[in-house]
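Coordinate inspection notes
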Amino acid sequence: LATLTDNPEAKNGWMGHFYAGTVATEWVRQDPEAAIAWAKSLPDSQRRGALGGALETIAATNPVEAAGLAMDLEAGKERSDVVGKIAESWAETAPKDALAWAMTLAGEDGESAMNRAISGWAEVDAPAAAAFVDEIPADERSDSQIREVANRWANQEPAAAAQWLDSQPDGRGKTDAMGHVVWNWTNADPQAASAWLIEQPAGEARDRGIGALSKATFDSDPAAAVIWAAEISNERTRTASLERGVRGWIERDPEAAQQWLNTTDAISAEEVQKFQEAAQPDRDK
């Protein structure tokens, strides 16, 4: 690894961290003190990855020790990232202990630890993590907390995740999670996902969900995917989604796509003409 310092790939942020993290993860199993000392001596392009890898490994079996070692690091983004990783790993086995530790931390450390602990808890018990977030006053819940719980829960029970997300305050976290939740739910139960989504109020979150549903249904039902895309309220997003859908449909089944364009009232005559003209080069080709 030391010989790669002049290699552009090693200087690249994620690559340098990855290389160093791989070494530290294994070294710390053999000699924790030496591994931590080595990690601290690395250049910026590698140090965070090494510290994260070493302390995450320790945290898997002794999170208390990892937490103590993390506090010996210099305050800043690197420590906050490491603290978050420890809290997430810790929460997967002892969420209440991880959250109790997070609550003792201040500033960026506390925020990172709290958010990542909730994320780790949601990985193993999403309903419990969601209930914890619900106890936080709505105006104090972070976007990260809402997004991570909903995303993790959607991988397990998308319908339940959607219902919980519906109860959350509007904001970036809810909007960001909507696409992931609806995508998973559509693949599991498209009719239920559609019925729920159509009842959601117009806005960015609903648009994000419609976009996910449209993408998830395109392979099995391109007509439904395009009709759903037409429901997007944001004009720019709607146009882009419709154009992708119509183009894809024309490539797959030009006769059915053209018939829909000629008879639909879901989009304007101007849009019909534009999409037909846009698809013309593909048909000619």
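Structure first, text after, so check above.
Looking at the overall build of the protein
Within the protein, the secondary structure is distributed over 17 helices and zero strands. Against the globule reference of 19 Å for 285 residues, the protein gives a C-alpha radius of gyration of 24 Å, more extended than a compact globule. Dimensions of the protein, computed from C-alpha atoms along their principal axes, come out at roughly 70 × 50 × 30 Å. For the protein, buried positions account for 49% of its 285 residues. Carbon and sulfur atoms make up 49% of the accessible area of the protein, which totals about 14,400 Å². The protein carries 26 positive and 48 negative side-chain charges, and their two centres are separated by 4 Å.

Some details on the packing of aromatic side chains
Scanning all chains against the criterion turns up seven aromatic pairs. For the ring pair Phe-18 and Tyr-19, a centre distance of 6.2 Å and an interplane angle of 55° mean the geometry is tilted.

Some words on the nonpolar core
Ranked by internal contacts, the top residues of the largest apolar core, which has 65 residues, are Leu-55, Ile-86, Trp-101, Val-149 and Trp-164. It is helix α8 (residues 107-134) that contributes the most residues to this core, eleven residues altogether. Those residues in contact with Val-149, other than ones at most four positions away along the chain, are Ile-118, Ala-122, Ala-126, Ala-129, Ala-130, Val-133 and Trp-164. In this structure, Phe-218, Ala-230, Trp-249 and Ile-250 belong to the second largest nonpolar core, which totals 15 residues.

Some points on the pattern of salt bridges
Using the criterion set out here, one finds 18 salt bridges in the structure. In this structure, Arg-48 engages Asp-81 in a salt bridge whose closest nitrogen and oxygen atoms are separated by 3.1 Å. Of this pair, Arg-48 sits in helix α4 (residues 44-61) while Asp-81 sits in helix α6 (residues 77-91), and the two are 33 residues apart along the sequence. A salt bridge links Arg-152 to Glu-148, with the shortest nitrogen-to-oxygen separation between them at 3.7 Å. A residue pair is termed a helical-turn pair when its members lie 3 or 4 positions apart in one helix, as Arg-152 and Glu-148 do in helix α9 (residues 143-154) at four residues. Residue class for Arg-152 comes out buried when judged on its relative accessible area of 15%. One continuous salt-bridge network, built from bridges that share partners, spans Glu-88, Arg-116, Glu-123, Glu-148 and Arg-152.

A closer look at the side chain of Gln-200
Mapped onto the elements of the fold, Gln-200 is located in the loop between α12 (190-198) and α13 (204-218). You can call Gln-200 buried: its relative accessible area is 9%. The contacts of Gln-200, once residues within four sequence positions are left out, are Asp-166 and Arg-206.

Focus on the environment of Lys-85
Relative to the elements of secondary structure, Lys-85 occurs in helix α6. Remark: the alpha-carbon pair of Lys-85 and Glu-56, spanning 29 residues in sequence, is separated by 6.5 Å. Excluding residues that lie within four positions of it along the chain, Lys-85 makes contacts with Gly-52, Glu-56 and Arg-116.

Brief notes about helix α2 (residues 13-30)
Helix length check: α2 (18 residues) gives 27 Å between terminal C-alpha atoms against 26 Å at 1.5 Å per residue, within 8%. When we look at burial in α2, the residues that qualify are Met-15, Gly-16, His-17, Ala-20, Gly-21, Ala-24, Thr-25 and Val-28.

Concerning the packing of α13 against helix α14 (residues 222-229)
With their axes 8 Å apart at the nearest point, α13 and α14 run at an angle of 165° to one another. Classed by the angle they form, the pair α13 and α14 counts as roughly antiparallel. By crossing handedness, the relation of α13 to α14 is classed as left-handed. Facing Ile-210, Leu-213, Ser-214, Thr-217 and Phe-218 of α13, the residues of α14 in contact are Pro-222, Ala-225, Trp-228 and Ala-229. For the contact of α13 with α14, the per-class residue count stands at seven nonpolar, two polar and no charged.

Quick notes on the rules
- Residues numbered from 1 in each chain as written.
- Predicted model: local features only at pLDDT ≥ 70, side-chain atom pairs only at ≥ 80, totals over all residues.
- Heavy atoms only, no water.
- Helix = DSSP H or I, 4+ residues; strand = E, 2+ residues; numbered from the N terminus.
- Rg over C-alpha atoms; globule rule 2.2 N^0.38 Å.
- Buried < 20%, exposed > 50% of the residue type's maximum accessible area, 1.4 Å probe, protein only.
- Areas by Shrake-Rupley, 256 points an atom, 1.4 Å probe, with all protein chains shown as cover.
- Lys, Arg positive; Asp, Glu negative; His and termini not counted.
- Charge placed at Lys NZ, Arg CZ, Asp CG, Glu CD.
- Phe/Tyr/Trp six-rings, centres within 6.5 Å; stacked < 30°, edge-to-face > 60°.
- Core = buried A, V, L, I, M, F, W, Y, C linked by side-chain atoms within 4.5 Å.
- Contact = heavy atoms within 4.5 Å.
- Salt bridge = Lys/Arg side-chain N within 4 Å of Asp/Glu carboxyl O.
- Expected span 1.5 Å × (residues − 1).
- Axes fitted to C-alpha atoms, helices over the stretch in contact; angles between N-to-C directions.
- Parallel < 35°, antiparallel > 145°, perpendicular 65-115°, else oblique.
- Left-handed = near helix turned anticlockwise from the far one by under 90°.
- Nonpolar A, V, L, I, M, F, W, Y, C, P; charged D, E, K, R; others polar.

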